[in-house]
Amino acid sequence: MASSTAMKSCKVGLLSLQCSRAVGVSTIRSFTTQLTDEQASIRAMVQKFTTEQLKPNAQKLDLEGRFPFCQIKQLTHLGLMGATVDEDYGGLGLDYLSLAIAVEELSRGCASTGMILSIHNFLYANLVNEKGTPEQKDIFLREFTRGGSIGCFALSEPDAGSDVASIRMTATPDGDNWILNGKKSWVTSAIEGSATAVFATFDPQLRHKGLACFLVPLDAEGVFRGKKEPLMSVRAATACDLRLEQVRVPREYMVGELGEGFKIAMDQLDQGRIGIAAHAVGIAQAALDTAINYAKERVAFGKCLSRLPSVKDRLTDMSIMVESARLLTYRAATDVSTKNSATAKYVASRAAAAAADHCVQILGGRGLSINYDAERLYRDARGTQIYGGVTDIQKRLIGHYLLKEHDAL
Ligand SMILES: Cc1cc2nc3c(=O)[nH]c(=O)nc-3n(C[C@H](O)[C@H](O)[C@H](O)COP(=O)(O)OP(=O)(O)OC[C@H]3O[C@@H](n4cnc5c(N)ncnc54)[C@H](O)[C@@H]3O)c2cc1C
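In this text, all values refer to a predicted model and were calculated from it rather than measured experimentally.

Definitions and cut-offs
All residue numbers refer to positions counted from 1 along the written sequence of the respective chain. In view of the model being predicted, local features appear only for residues whose pLDDT reaches at least 70, and side-chain atom pairs are presented and counted only at 80 or more, with totals across whole chains, interfaces and linings using the full set of residues. Counting from the N terminus, the helices are DSSP H or I runs at least four residues long and the strands are E runs at least two residues long. Atoms counted for the radius of gyration: C-alpha only. Globule rule: 2.2 Å times residue count to the power 0.38. Any residue with 12 or fewer other C-beta atoms within 10 Å of its own C-beta is exposed, any with 20 or more is buried, and the rest are partly exposed; the C-beta atoms used are placed from the backbone. Contacts are defined on C-beta atoms placed from the backbone: any two residues whose C-beta positions lie within 7 Å are in contact. Only the stretch in contact is used when fitting a helix axis, every axis being a line fitted to C-alpha atoms; angles between N-to-C directions are given from 0 to 180 degrees. An angle counts as roughly parallel when it lies under 35 degrees, as roughly antiparallel when it exceeds 145, as roughly perpendicular when it falls between 65 and 115, and as oblique in every other case. Throughout this entry, Asp, Glu, Lys and Arg are counted as charged residues, while Ala, Val, Leu, Ile, Met, Phe, Trp, Tyr, Cys and Pro are counted as nonpolar. The remaining residues, Gly among them, count as polar. Start and end positions for the domains come from either an automated domain assignment or a database one. Note on definitions: a residue is near a molecule or strand provided its C-beta atom, placed from the backbone, lies within 6 Å of it. By definition, two strands form a pair when at least two bridges between them are found by DSSP. One number per residue, pLDDT, summarises how confident the predictor is, and it ranges from 0 to 100. Joined through C-beta atoms within 7 Å, a set of buried Ala, Val, Leu, Ile, Met, Phe, Trp, Tyr and Cys residues constitutes a nonpolar core. Helix crossings are classified by the rotation of the near helix relative to the far one: an anticlockwise turn of less than a right angle makes the crossing left-handed, while a clockwise turn makes it right-handed. For a helix, the expected span equals 1.5 Å multiplied by the number of residues minus one. The angle between axes fitted to the seven-residue stretch ending at a residue and the seven-residue stretch beginning at it gives the bend at that residue.

**Remarks on the overall build of the protein**
- The helix and strand tally for the protein stands at eleven helices and twelve strands.
- The C-alpha radius of gyration computed for the protein amounts to 21 Å, which stays within 12% of the reference 22 Å derived for 409 residues, consistent with globular compactness.
- The C-alpha extent of the protein, read off along each of the three principal axes, is 80 × 55 × 50 Å.
- Burial status across the protein gives 50% buried among its 409 residues.
- The contacts of the protein with a sequence gap of at least 6 include a subset with a gap of at least 24, amounting to 70%.

Right, dumping it as C-alpha cells:
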C-alpha cells in the first residue's frame with residue numbers, strides 16, 4: 001500500500017469495514033473501471049444487506065404499498081443515510097461512486113428502498129452538505145445522517161415539471177423572514193420526511209434567475225402534506241403534494257444567494273440523475289438475474305429455456321444493456337457533468353425498461369404473475385424514465401452539450 005494511503009477501519013453501523021482511503025488526494029476525476037477497496041467493500045456490504053433484508057420483503061412491501069421503515073432504519077445504522085456527507089456531520093464521507101453502487105445494489109433487491117435512499121442522499125443531504133452554512137448543517141443535516149430523519153427535494157409543481165423556470169411557489173420578504181406560498185407535487189418521502197429543500201420564485205418576471213432555495217421543516221406552521229399518490233412504480237416509496245400557506249422561513253434558511261435557486265436545482269439534478277441511473281442499473285440487473293435463474297430451470301421442447309436460441313439472444317441483449325448502462329453510470333459518478341449524468345440516466349432507464357420487458361417475456365405466463373418478481377421489475381423500470389427528469393429532456397440535454405463541445409450550437 002502506498003505510503004500516502006492510510007488504512008482506516010471505519011465502523012459502518014453493524015458492520016466493520018476495512019477502508020483504504022487516499023489522504024490528501026482529491027476525488028478521482030478520470031474514469032476507471034477499477035473499484036477501490038472501499039468501493040468494493042461498500043458493494044459487498046450492501047449486497048449482503050439486500051440479500052438478507054430487502055429481497056425477501058420487496059414484493060410484499062410493493063403489493064401492500066408499505067413504506068420500508070424498518071429497512072430505512074437499518075440503513076441509517078449502516079451510515080448510508082449520510083453516505084457522502086462529511087464525517088463531522090455524521091456522514092461516512094464516501095465518494096459519489098460508492099453511493100451509486102449502494103443505490104444500485106439496494107435497487108437490485110427493492111427498487112423502492114433504492115429510490116428513497118437515492119433521493120434522500122443525492123438531492124437533499126448532499127445539497128445541505130455541499131451548499132449549506134454550518135448553522136444550516138447543524139439543523140438540517142445531523143439528524144438526517146444518523147438520527148433517522150428523512151430529507152426531501154421539492155422542485156416540481158402541478159404546472160412546472162420539466163419546465164423548472166415556470167415555478168409559481170412564491171417567496172416574499174418580510175423583515176428577517178421569507179414567506180412561502182404555493183404548491184409542490186410529487187415530493188418523494190414528504191409523508192415520512194422531516195425537512196425539504198423548496199424552490200420558489202421571488203420575481204416570476206425573472207424566470208429562472210428569480211429562483212431561490214430554502215430549507216423548510218415539514219412540521220412548520222402552514223405546511224400541509226397531501227395523500228400518498230397511488231403509483232404503478234416504486235409502490236413502497238411515497239410521493240405526495242405539499243401545500244405551503246404563509247410559511248414563515250427565517251432568512252438564515254435560504255441556501256446560497258437570491259437568484260441562485262435555479263443553479264442549485266440543476267447542480268443537484270446532475271447528482272440526482274446519477275442516483276436514478278444507478279437505481280435503473282439495479283433494476284435491470286435484477287431482471288437479468290431473474291430471467292437467467294428461470295431460463296436455467298424451465299424446460300420446454302425437451303431442453304432448458306436458456307438453450308433456446310431466441311432466449312439466449314434475449315439474455316445476451318439484456319447483459320449488453322446492463323453492462324453498458326453500469327459503465328456510463330460509474331463514469332457519471334466519477335466525472336460529474338450534466339452531459340454525463342443525462343447520458344447515464346437516458347441509457348440506464350431505457351436499459352431497465354428493455355431488460356424488464358425481456359424478463360417478463362422469458363418467464364411467459366409467470367412473467368405476468370404477482371407471485372414472481374418480473375412484473376414488479378417491469379413496473380419499477382418504467383418509472384425510471386420519468387422521475388429525475390424525463391427521457392426526452394435527457395436527450396435534449398445530451399444534444400445541447402454535444403453541440404456546445406463542438407462549438408456547433
Ligand atoms: C414517483 C415519482 C417521484 C418523484 N419525486 C420527485 C421529487 O422528490 N421531487 C420533485 O421535485 N419531483 C419529483 N417527481 C416529479 C418528476 O421529476 C416529474 O414528474 C418529471 O420531471 C416530469 O415532469 P411532469 O410530470 O410535469 O411532466 P411534463 O414536464 O409535463 O412532461 C410530460 C411529457 O412531455 C414531454 N416533454 C415535456 N417537455 C419537453 C421538452 N422540453 N422536450 C421534449 N419533450 C418534452 C415528454 O414526453 C414528457 O414525458 C417525481 C415523480 C414521480 C412520478
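**A word on the packing of helix α3 (residues 96–109) against helix α4 (residues 111–131)**
- Across the interface, α3 lies against α4 with an axial gap of 7 Å and an inter-helix angle of 155 degrees. Relative to α4, the element α3 lies roughly antiparallel. Mapping the contact onto sequence places Leu 99, Ala 102, Val 103, Leu 106 and Ser 107 in α3 and Ala 111, Thr 113, Gly 114, Leu 117, Ser 118 and Asn 121 in α4.
- Considering only residue class, the contact of α3 with α4 consists of six nonpolar, five polar and no charged.

**Details of the domain arrangement of the protein**
- Here the protein is described as being made up of domain 1 (31–145), domain 2 (151–259) and domain 3 (263–405).
- For domain 2 and domain 3, the distance between their C-alpha centroids amounts to 30 Å.
- Across the boundary between the two partners, domain 2 contributes eleven residues, which contact nine residues of domain 3.
- Looking at the side of domain 2 that touches domain 3, its residues break down into eight nonpolar, three polar and no charged.

**Topic: the environment of Asp 163**
- Position of Asp 163 relative to the elements: it lies in the loop between β3 (151–154) and β4 (170–174).
- Sequence separation between Asp 163 and Val 46 is 117 residues, and the spatial gap between their C-alpha atoms is 36 Å.

**Remarks on the environment of Thr 238**
- Inspection of the secondary structure assignment puts Thr 238 in the loop between β8 (223–225) and β9 (239–250).
- Between the C-alpha atoms of Thr 238 and Lys 60, which are 178 residues apart in sequence, the distance is 15 Å.
- The residues touching Thr 238, leaving out its near neighbours within four places in the chain, are Phe 67, Ser 189, Ile 191, Glu 192 and Lys 228.

**Looking at helix α10 (residues 374–383)**
- With eight of ten residues buried, α10 is to be regarded as a mostly interior element.
- Regarding α10, the residues found buried are Ala 374, Glu 375, Arg 376, Leu 377, Tyr 378, Asp 380, Ala 381 and Gly 383.
- In this structure, the buried residues of α10 make contact with α1 (37–64), α4, α7 (261–297) and α9 (338–363).

**Description of the site of the ligand**
- Looking at the ligand, there are 22 residues lining it, with Ser 156, Gly 161, Ser 162, Trp 186 and Thr 188 nearest.
- Of all the secondary structure elements, the ones that give two or more residues to the shell around the ligand are β3, β5 (177–188) and α11 (391–405).
- Looking at the shell around the ligand, its residues break down into 13 nonpolar, seven polar and two charged.
- When residues are assigned to domains, the shell around the ligand turns out to be shared by domain 2 (151–259) and domain 3 (263–405), each giving three or more.

**A closer look at unusual backbone geometry**
- A positive phi angle, close to 60 degrees, is found at Trp 186, a residue other than glycine.
- Even without being a glycine, Phe 301 presents a positive backbone phi close to 55 degrees.
- Relative to the helices and strands, Phe 301 is located in the loop between β11 (299–300) and β12 (303–304).

**Focus on the pairing of β5**
- Both β4 and β5 contribute to a ladder of five bridges, which runs antiparallel. Residue Ala 171 lies in a different strand from β5, and its bridge partner there is Leu 180.

**Describing the pairing of β3**
- What you see with β3 is no split at all: Gly 151 and Phe 153 on one side and Cys 152 and Ala 154 on the other are buried throughout.
- Across four bridges, the pairing between β3 and strand β6 (residues 195–201) is parallel. Paired with Cys 152 across the bridge in β6 is Thr 196.

**Observations concerning the confidence of the model for the protein**
- Averaged over every residue, the pLDDT of the protein is 93; residues scoring 70 or more account for 93%.
- Segment residues 1–28: pLDDT under 50, and 43 contacts once partners within four positions in sequence are set aside and those in other chains are kept.

**Here we look at the nonpolar core**
- Among the nonpolar cores identified, the biggest contains 125 residues, and Leu 180, Phe 214, Ala 284, Ala 287 and Ala 355 are the most heavily contacted of them.
- Ignoring any residue separated from it by four or fewer positions in sequence, one finds Ala 284 in contact with Met 321, Val 322, Ala 325, Ala 351, Ala 352 and Ala 355.

**Let's talk about the packing of α4 against α7**
- Following both chains from N to C, one finds α4 and α7 inclined at 155 degrees, their axes separated by 9 Å at the closest point. With respect to each other, α4 and α7 are oriented roughly antiparallel. For the pair α4 and α7, the crossing hand works out as right-handed. Packed against α4, whose contacting residues are Ala 111, Gly 114, Met 115, Ser 118, Ile 119, Phe 122, Leu 123, Asn 126, Leu 127 and Lys 131, the element α7 presents Ile 264, Gln 268, Gln 271, Gly 272, Ile 274, Gly 275, Ile 276, Ala 278, His 279, Gly 282 and Ile 283 at the interface.

**Describing α1**
- Taking 1.5 Å per residue as the helical rise, α1 with its 28 residues ought to reach 40 Å, and the 38 Å between its terminal C-alpha atoms agrees with that figure.
- Ala 58 marks the point of greatest bend in α1, at about 50 degrees.
- Of the residues making up α1, those classed as buried are Glu 38, Gln 39, Ser 41, Ile 42, Met 45, Val 46, Phe 49, Thr 50, Leu 54, Ala 58, Leu 61 and Asp 62.
- Gly 65 lies just past α1 and shows a positive phi near 60 degrees.

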